[in-house]
Amino acid sequence: MQPADRSTRAAVSLLRDSFCEHQFTASCVTRPPGIMAGQLGPEEKFNLITRNLQEVLGEEKLKQVLQERELKVYWGTATTGKPHVAYFVPMSKIADFLRAGCEVTILFADLHAYLDNMKAPWELLELRVKYYEQVIKAMLESIGVPLEKLRFIKGTDFQLGREYTLDVYRLSSMVTEHDAKKAGAEVVKQVEHPLLSGLLYPGLQALDEEYLKVDAQFGGVDQRKIFTLAEKYLPSLGYAKRSHLMNPMVPGLTGAKMSSSEEESKIDLLDSKEDVKKKLKKAFCEPGNIHNNGVLSFVKYVLFPLQGEFSIKRDPKWGGDKVYADFEEVEKDFEGEMIHPGDLKASVEVALNQLLEPIRKKFQSPELRKLTNSAYPDPSKTKAGGKGAKTAGGGGGDDDELAPSRLDIRVGKIVSVEKHPDADSLYLEKIDVGEPEPRTVVSGLVAYVSQEDLQDRAVLVLCNLKPQKMRGIESQAMLLCASIEGEPRRVEPLDPPEGSSPGDRVFVEGYESGKADEKLNPKKKVWERLQADLKISEMSLGTRSPVDLLRDIVRLVPVGRYLPPHNTPFSCLRLERFTGCEISLQDSMRVTLWPLPWCQFFLTVQPPGITVRSAG
């Protein structure tokens with residue numbers, strides 16, 4: 001079952017009032033020539049059904065069924081958080097199933113939503129099912145999916161029946177606590193003291209395959225352990241083993257999975273055009289980085305399957321418009337930095353708004369507005385003054401606000417440095433950051449800086465990242481460094497301002513009053529999103545060495561608040577956080593910030609004379 005807050009790979013499910021097939025009039029859908037189901041052979045159907053999937057369990061069984069008749073597939077979603085744009089990923093795959101002639105069942109798993117640590121309160125289940133019904137129908141209409149072979153079912157329409165309940169008891173007498181917990185590890189919300197309901201969840205999802213009378217279940221690859229539990233235990237109940245189709249885990253805007261519970265990671269289906277633009281601008285989309293790139297993944301798993309092509313819109317001076325016929329070419333050009341992140345985001349924005357506009361229009365009606373507000377009441381109104389309510393400025397940064405003040409960057413002093421006992425390229429440093437005990441920091445500077453140059457040196461340190469083990473030793477902070485590309489490559493730690501002391505905090509101009517998070521949540525990728533767009537503005541080298549010049553950089557400044565004129569002396573320059581503007585660095589250098597695995601922060605400097613655009 002696809003929990004709604006795990007729907008990077010996830011969720012189309014519609015309400016039915018009774019447990020029988022519900023027929024709809026087919027929408028108009030654009031299909032490439034030659035892929036109508038009646039014109040496809042078994043092998044072509046299999047290829048269409050399995051394209052873009054990460055894994056298939058039971059391939060031979062699928063092929064055998066396709067030789068005899070059309071395949072019956074089911075896909076379900078727990079009706080918890082609001083569906084968001086990542087739901088277009090499974091939608092596009094469901095479109096493939098229908099084009100291949102499959103009979104597709106879509107399940108609203110309302111009972112699962114309650115069992116998963118009560119993500120959906122019982123009193124809201126019916127309202128949320130109705131919301132899912134309306135919003136998913138609107139999504140299907142927006143992409144022109146034909147509906148004649150779809151049936152929509154609500155979980156409690158059959159999961160509360162006598163035979164199903166008895167099978168739950170039978171299954172619970174066979175499945176061990178270990179197997180049940182393991183099966184739900186990547187799907188069911190993990191808490192310190194889990195409820196028994198979370199252990200029932202995987203077994204119910206397995207039983208759904210039998211009671212929905214399908215040949216295969218479709219879901220994200222995070223469902224794999226539940227799928228293997230079904231394959232192991234259903235035959236013990238006398239039921240057939242089904243095949244399983246798995247989508248890859250598609251990253252959200254932050255680089256992690258797109259989640260209903262993490263506002264910054266997702267674009268809501270009802271977001272305005274202005275909100276879409278704002279969220280895409282903040283999206284993690286590092287130049288040349290094709291991994292954990294939610295914007296690029298949306299092109300691959302939604303736009304290409306639905307449209308068969310993708311158009312990049314850009315100014316002629318940056319290469320002009322270009323239409324891509326296959327995703328591999330898009331990926332190659334982005335990796336080679338022929339496509340700028342700003343152009344990719346702008347082009348995805350246009351395509352995404354075309355998909356969302358029919359959904360927005362449908363939900364302008366008073367009835368659906370009321371349904372939305374009832375199914376998802378404002379937390380500030382329902383929890384105001386309640387236990388654990390946050391007060392202004394308390395407890396660190398707001399989880400939904402991407403502000404530089406959330407970074408705890410401090411002045412530090414290296415009090416000792418030695419070689420890592422298990423890694424020749426790493427140093428093991430003790431750094432005084434104004435705390436009772438120095439912090440242990442692992443950095444990969446052996447090839448660039450001598451131990452003597454590091455000993456007693458003042459440095460800049462990012463102190464609120466989650467500690468990470470590096471070759472068996474926990475690194476408790478990140479040392480901020482600068483590098484200049486070339487032969488040989490040169491790397492040096494950044495120097496703090498004169499007169500500063502260990503523990504002094506380095507602020508971003510305009511964000512001095514903000515309070516840093518106690519610990520940055522790695523799932524929310526706060527650091528990655530803030531650092532991905534950091535650039536150095538225009539500069540004039542003069543006669544000073546680039547490394548010496550870089551050592552003058554001691555502040556982070558957001559674009560719009562400070563932009564120096566051409567040929568500003570380098571000693572006046574400061575790091576800037578770009579928010580999407582373009583900049584030409586004529587007769588200067590380009591500097592790009594990169595995080596590296598050993599907890600360092602590198603500035604990559606290109607030679608003078610290169611025209612550069614920011615990564616916004």
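Higher on the page you've got the structure.
Since the structure is predicted, the reported quantities are computational estimates derived from the model, not experimental observations.

A.B. asks: Whenever I open this one, the pairing of strand β12 (residues 439–443) confuses me. Can you help?
C.D. replies: Consecutive residues of a regular strand have side chains that alternate between opposite faces of the sheet. Taking burial as the measure, the five residues of β12 include five buried ones, the bulk of the element. A two-sided burial pattern is seen for β12, the buried positions comprising R439, V441 and S443 on one face and T440 and V442 on the other. The sheet contact formed by strand β11 (residues 423–432) and β12 spans five bridges and is antiparallel. Paired with E429 across the strands is V441, a residue of β12. Connecting β11 to the antiparallel partner β12 that follows it, the hairpin turn spans six residues, and G434 within it adopts a positive phi of roughly 85°.

A.B. asks: Explain the nonpolar core to me, please; I cannot follow it from the model alone.
C.D. replies: Looking at soluble globular proteins, one finds that nonpolar side chains tend to be buried together. Counting residues in hydrophobic clusters, the biggest one holds 78 residues, and the most contacted among them are F88, L245 and L344. The element contributing the most residues to this core is helix α11 (residues 294–307), with nine residues. Residue contributions to this core reach at least three from each of two domains, namely domain 1 (42–247) and domain 2 (273–375). Here F88 is in contact with M139, S142, I143, L269, F298, V302, L355, L356 and I359, once residues within four sequence places are set aside. With 32 residues, the next largest nonpolar core counts Y164, V188, L229 and L234 among its residues.

A.B. asks: In this structure, what is going on with the side chain of R406? I would like to understand it.
C.D. replies: Structurally, R406 is set in the loop between α15 (379–382) and β10 (409–420). A polar contact is formed between the side chain of R406 and the side chain of D517, at a distance of 2.9 Å.

A.B. asks: Looking at this structure, how should I read unusual backbone geometry?
C.D. replies: Negative phi values dominate among residues other than glycine, just as trans dominates among peptide bonds. Of note in this structure, E337 is not a glycine but carries a positive phi near 60°. Relative to the helices and strands, E337 resides in the loop between α12 (327–335) and α13 (341–362).

A.B. asks: What's the story with the packing of helix α8 (residues 196–211) against helix α9 (residues 224–233) in this structure? I'm lost.
C.D. replies: The angle between the axes and the distance between the axes are what describe a pair of packed helices. At a closest axis distance of 9 Å, the pairing of α8 and α9 adopts a crossing angle of 60°. In terms of their interaxial angle, α8 and α9 are classed as oblique. By crossing handedness, the relation of α8 to α9 is classed as right-handed. Residues Y201, P202, G203, Q205, A206 and E209 of α8 form the contact with α9, whose participating residues are I226, F227, L229 and A230. Of the residues that constitute the contact of α8 with α9, the class distribution is seven nonpolar, two polar and one charged.

A.B. asks: What is the right way to read the pattern of salt bridges from this model?
C.D. replies: Any two side chains of opposite charge can pair, so long as their charged atoms come close to each other. Summed over all chains, the structure comprises 25 salt bridges. Across the pair E70 and K45 runs a salt bridge, and its minimum N-O distance is 3.0 Å. With E70 in the loop between α2 (59–68) and β3 (72–78) and K45 in helix α1 (residues 42–50), this residue pair connects regions lying 25 residues apart in the sequence. Residue class for E70 comes out partly exposed when judged on its relative accessible area of 23%. Between D408 and R410 there is a salt bridge, with its nearest N and O atoms 2.9 Å apart.

Each value, and the rule that gives it
Residues numbered from 1 in each chain as written. Predicted model: local features only at pLDDT ≥ 70, side-chain atom pairs only at ≥ 80, totals over all residues. Heavy atoms only, no water. Buried < 20%, exposed > 50% of the residue type's maximum accessible area, 1.4 Å probe, protein only. Helix = DSSP H or I, 4+ residues; strand = E, 2+ residues; numbered from the N terminus. Pairing = 2+ DSSP bridges. Core = buried A, V, L, I, M, F, W, Y, C linked by side-chain atoms within 4.5 Å. Domains from an automatic or database assignment. Contact = heavy atoms within 4.5 Å. Polar contact = N/O pair within 3.5 Å; in protein donor to acceptor, adjacent residues only side chain to side chain. Axes fitted to C-alpha atoms, helices over the stretch in contact; angles between N-to-C directions. Parallel < 35°, antiparallel > 145°, perpendicular 65-115°, else oblique. Left-handed = near helix turned anticlockwise from the far one by under 90°. Nonpolar A, V, L, I, M, F, W, Y, C, P; charged D, E, K, R; others polar. Salt bridge = Lys/Arg side-chain N within 4 Å of Asp/Glu carboxyl O.

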